[in-house]
Amino acid sequence: MNIDKTTGSSFIQSYQKQVQAAPAAKAKPAQKEDQLEISSQAKEMYVKNTEVDAARQEKINLLKAQIESGEYVDNADKVADKMFQFWFGK
C-alpha cells in the first residue's frame, strides 16, 4: 500500500485562486439608463387633445357664467327629445 505524501494545501490554494479570480471575471456591465421616446403620432394626438380640451373648457366656463348670472335657461322638452333619439334612434 502506497501513501502519497503530498499535502492537501496545494489543492486548497488552487481552489482559493479560482474563487478569488471568479468575481473579477463575472463583473456586471454598467447598466444603461432608461430612455423614453414619444412617437410623432402621439405628439400630434396630444396637441389635438389640448386644443379640444381648451375649446371644451371655454364652453364650460361660458355655461358656468350663464348659470351664476341666471341667464341660463334649460329646455326640458329639448333634453328629453335628444335623450329619446339617443336611446331609441328615432
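Above this text you will find the structure in question.
Every value quoted in this text rests on a predicted model; they were computed, and no experiment measured them.

A. Representation of the overall build of the chain within the structure. From N to C terminus, the chain includes 3 helices and 0 strands. Reading the secondary structure of the chain in the N-to-C direction produces α-α-α. Relative to its full complement of 90 residues, the chain shows a buried share of 0%. With the model as given, the accessible surface of the chain reaches about 9700 Å², and the carbon-plus-sulfur share is 56%.

B. Molecular detail of a nonpolar patch on the surface. A cluster of nonpolar side chains, namely Val 79, Met 83, Phe 84, Phe 86, Trp 87 and Phe 88, defines an oily patch on the protein surface of about 740 Å² accessible area. Inspection of the secondary structure puts Met 83 in helix H3 (residues 76–88). A residue is classified by how much of its surface remains accessible, and Met 83, at 48% relative accessible area, is partly exposed.

C. Local environment of helix H2 (residues 40–69). With 30 residues, H2 extends 44 Å between its outermost C-alpha atoms, agreeing within 8% with the 44 Å of an ideal straight helix rising 1.5 Å per residue. One or two steps after H2, the chain reaches Gly 70, where phi turns positive at roughly 85 degrees.

Rules used in this analysis
- Residues numbered from 1 in each chain as written.
- Predicted model: local features only at pLDDT ≥ 70, side-chain atom pairs only at ≥ 80, totals over all residues.
- Heavy atoms only, no water.
- Helix = DSSP H or I, 4+ residues; strand = E, 2+ residues; numbered from the N terminus.
- Buried < 20%, exposed > 50% of the residue type's maximum accessible area, 1.4 Å probe, protein only.
- Areas by Shrake-Rupley, 256 points an atom, 1.4 Å probe, with all protein chains shown as cover.
- Patch = residues over 30% accessible without salt bridge, like charges linked within 9 Å, V, L, I, M, F, W, Y side chains within 5 Å.
- Salt bridge = Lys/Arg side-chain N within 4 Å of Asp/Glu carboxyl O.
- Expected span 1.5 Å × (residues − 1).

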